[in-house]
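Geometric and topological summary
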Amino acid sequence: MNITVAVTGGSGFIGTHVVDKLLDAGCTVRVLDPKAPHRADAEWVPVDVLDTDGLTVALSGADVIFHLAAIADVNDVIADPTLAVQVNTLGTARVLEAARRADAGRVVLASTVWVYAATSAPEVDEDTLFDPNTDRHLYVTSKVAAEMACRDYHTLYGRPYTVLRYGIPYGPRMRDNCVVAAFMKRAMRGETLRIDGDGSQHRFFVYVEDLAEAHVKALLPAAENRTFNIEGAVPVSIREIAESVTELVGRGAVEFGPSRPGDLKARTVSNERAREELGWSPTTTFAEGLARTLAWYEAQAGAEAIDLAAAAIEPAAAAVDQAVSVTEE
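Heads up: these notes are all about the structure in this document. Owing to the predicted nature of the structure, the values given are computational and were not obtained by experimental measurement. (Residues numbered from 1 in each chain as written. Predicted model: local features only at pLDDT ≥ 70, side-chain atom pairs only at ≥ 80, totals over all residues. Heavy atoms only, no water.)

Regarding the overall build of the protein chain
Test applied: What counts as a helix is a DSSP run of H or I of at least four residues, what counts as a strand is a run of E of at least two, and both are numbered from the N terminus. Relative accessibility thresholds used throughout: buried, under 20% of the residue-type maximum; exposed, over 50%; partly exposed, between the two (1.4 Å probe, protein chains only). The contact criterion used throughout is that any non-hydrogen atoms of two residues lie within 4.5 Å. We get accessible surface area from the Shrake-Rupley algorithm with a probe of 1.4 Å; when it comes to residues, only the shown protein chains can shield them.
For the protein chain, the count of helices and strands is ten helices and 15 strands. Going through the 329 residues of the protein chain one by one, you find that 49% of them count as buried. Contacts spanning at least 24 positions in sequence make up 77% of the contacts within the protein chain whose residues lie at least 6 apart. For the protein chain, the exposed surface amounts to about 15300 Å²; the carbon and sulfur share of it is 52%.

What follows is the structure in structure tokens.
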């Protein structure tokens, strides 16, 4: 696929997997991130999403822009709400404006199924209308506003866009405070897994490589000016996650605590549009995804152990070299 694709946040959890899939598809990939990309065959422009001028230069010649850079941890949003709105909402507007100035291609926004907290409907799809009177998290507002900015740039300037509303992603390279990561690392240490509430709340988790594959599908012309739910196929309760992790790891216990304020209420999110229009559907079962994730963590732990052993050997080797040198003198 002979096109140039820019990826803001391309060095993050989801971004690295998106970069992998795009490079595998034959795209020229340009990572826009203060942190260097994980692959040497990706171009790198260290630019901030709030720097319109820098973004304009970085997006020159890009056929498609995947805008993944965001503050996605709801706890970080609570800790610094104004920064979250700046990055998630204003950052999106700056990417859209930079793409317009650079006469670059379509902007594909990484949004979230959390936006459905702005509706009271128990079953939702991309045509479900938002209700401004619902109680919701500020993170939701920041992402809804980002989506609206994409549509407004299309209305005002004819700028093409696509919105991908992610389900709850999990898999290798995820943030340590993601629920699957937190549970897995605690279980691997033999610690207790703590659940907010009774654990009955469920999510449609989507394995990160399946999620990344949706971005390749989103390059299709059919995705232009459309919104898609990139959601998992089967609901999994938080309690099921904890029990599955402890069983898979063979260690850990489960305890329950108070519910978390502003948590996402359970909804059934349809991914039928992505199936029909993009030919995308999740193919990795939750059990398979957990097993692959554990294997990755175990490999990481092995690599860390080797690094620690090497670090311990180096001073000893240096001492031996020094002793030999003294003896020779």
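There is more to say, and it comes next.
With respect to the side chain of Arg267
Put simply, the rule reads: Charge assignment in this entry is limited to Lys and Arg as positive and Asp and Glu as negative, and neither His nor the chain termini are counted. What counts as a salt bridge is simple: a side-chain nitrogen of Lys or Arg found within 4 Å of a carboxyl oxygen of Asp or Glu. Counted as a polar contact is a pair of N or O atoms within 3.5 Å, where, for protein atoms, one must be capable of donating a hydrogen and the other of accepting one, and residues adjacent in sequence contribute only when both atoms are in side chains.
Considering the arrangement of structural elements, one finds Arg267 in the loop between β14 (253-257) and β15 (268-269). Lacking a salt bridge, the buried Arg267 has Asp131 as its closest oppositely charged neighbour, with an N-O distance of 9.1 Å. A polar contact is formed between the side chain of Arg267 and the backbone oxygen of Tyr116, at a distance of 3.1 Å. Within the local environment of Arg267, its side chain forms a polar contact with the backbone oxygen of Thr119, the two atoms lying 2.4 Å apart. Apart from the residues lying within four places of it in its own chain, the contact partners of Arg267 are Tyr116, Ala117, Thr119, Ser120, Ala121, Pro122, Val124 and Phe204.

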